[in-house]
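Okay, here's what each chain looks like letter by letter:
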Amino acid sequence: MEPGRIFREAWIAGVRKHYPGEPKPGYVAPWEETPEWERASAAAVEQQVLAFVESSDGQTAHLSREQRGLFVALCWVAQIYRHIPDPKPSYVADWDDLPQWQRETDSDIFDAVERHARG
């Protein structure tokens, strides 16, 4: 599977599950309609989660749901700074300032990537 697709599919599934009301179309756009910088960012964060799982010899299974989501969120914020010179504050918000649906979705992303790593 193309790098970043596990991340994107988990993002879309998480948004559909956790977002209150109707999500913005860009939140659930298919991979092919996702901007290149977002695809590159999804691939980078997916690789970071995979490396984290592998380098810990799978001990990430002991992390709390919040710790898992926080890892994804921090990796994503770094990608935002990489691709957007002056991002909106909401794009780079701290974990505690993210809406609950986004925290839940980030945790789901970690879980999806971790499952993939374990086969």
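Figured I'd write up the structure that's included with this text.

Thresholds applied
- Residues numbered from 1 in each chain as written.
- Predicted model: local features only at pLDDT ≥ 70, side-chain atom pairs only at ≥ 80, totals over all residues.
- Heavy atoms only, no water.
- Patch = residues over 30% accessible without salt bridge, like charges linked within 9 Å, V, L, I, M, F, W, Y side chains within 5 Å.
- Areas by Shrake-Rupley, 256 points an atom, 1.4 Å probe, with all protein chains shown as cover.
- Salt bridge = Lys/Arg side-chain N within 4 Å of Asp/Glu carboxyl O.
- Lys, Arg positive; Asp, Glu negative; His and termini not counted.
- Charge placed at Lys NZ, Arg CZ, Asp CG, Glu CD.
- Helix = DSSP H or I, 4+ residues; strand = E, 2+ residues; numbered from the N terminus.
- Buried < 20%, exposed > 50% of the residue type's maximum accessible area, 1.4 Å probe, protein only.
- Core = buried A, V, L, I, M, F, W, Y, C linked by side-chain atoms within 4.5 Å.
- Contact = heavy atoms within 4.5 Å.
- Axes fitted to C-alpha atoms, helices over the stretch in contact; angles between N-to-C directions.
- Parallel < 35°, antiparallel > 145°, perpendicular 65-115°, else oblique.
- Left-handed = near helix turned anticlockwise from the far one by under 90°.
- Nonpolar A, V, L, I, M, F, W, Y, C, P; charged D, E, K, R; others polar.

### Focus on a negative patch on the surface
A cluster of like negative charges, contributed by E66, D94, D96 and D97, occupies part of the molecular surface. Within the secondary structure, D94 sits in the loop between α3 (65-83) and α4 (100-118). Residue classification places D94 among the exposed positions, given a relative accessible area of 55%.

### As for the nonpolar core
F7, W11, V45, V49, V72 and I109 are the most contacted members of the largest nonpolar core, which totals 26 residues. Those elements that provide at least two residues to this core are α1 (5-18), α2 (36-55), α3 and α4. Top contributing element to this core by residue count: α1, with six residues.

### Some points on the side chain of T105
The topology assignment puts T105 in helix α4. On the accessibility criterion, T105 (0% relative accessible area) is buried. If we ignore the near neighbours within four places in the chain, the residues touching T105 are A10, W11, G14, V15 and H18.

### A closer look at the pattern of salt bridges
Within the structure shown, the criterion is met by 10 salt bridges. Salt-bridge contacts for R5 lead to E32; the nearest nitrogen and oxygen are separated by 3.4 Å. Taken together, the residues R5 in helix α1 and E32 in the loop between α1 and α2 connect sequence positions 27 residues apart. Using a relative accessible area of 21% as the deciding quantity, one classes R5 as partly exposed. Of the residues examined, E32 reaches a relative accessible area of 56% and is grouped as exposed.

### Regarding unusual backbone geometry
Non-glycine residue D57 carries a positive phi angle of around 55 degrees. Topologically, D57 is positioned in the loop between α2 and α3.

### What about the packing of α2 against α3?
Running from amino to carboxyl end, α2 crosses α3 at an angle of 140 degrees, the nearest separation of the two axes being 9 Å. Here α3 runs oblique to α2, going by the angle between their axes. The two elements α2 and α3 meet at a crossing, and its hand is right-handed. Residue-level inspection shows W37, E38, A40, S41, A42, A44, V45, Q48, V49 and F52 of α2 in contact with α3, the latter providing F71, V72, C75, W76, Q79, I80 and H83.

### Comments concerning the packing of α1 against α4
Running from N to C, α1 and α4 cross one another at 140 degrees; their axes reach a closest spacing of 8 Å. When the axis of α1 is compared with that of α4, the two are oblique. The handedness of the crossing between α1 and α4 comes out as right-handed. Facing I6, F7, A10, W11, G14, V15, K17 and H18 of α1, the residues of α4 in contact are W101, Q102, E104, T105, D106, D108, I109, A112, V113 and H116. Here the contact of α1 with α4 is built from residues that sort into nine nonpolar, five polar and four charged.

Honestly, that's just the spatial picture; any functional story needs more than this.
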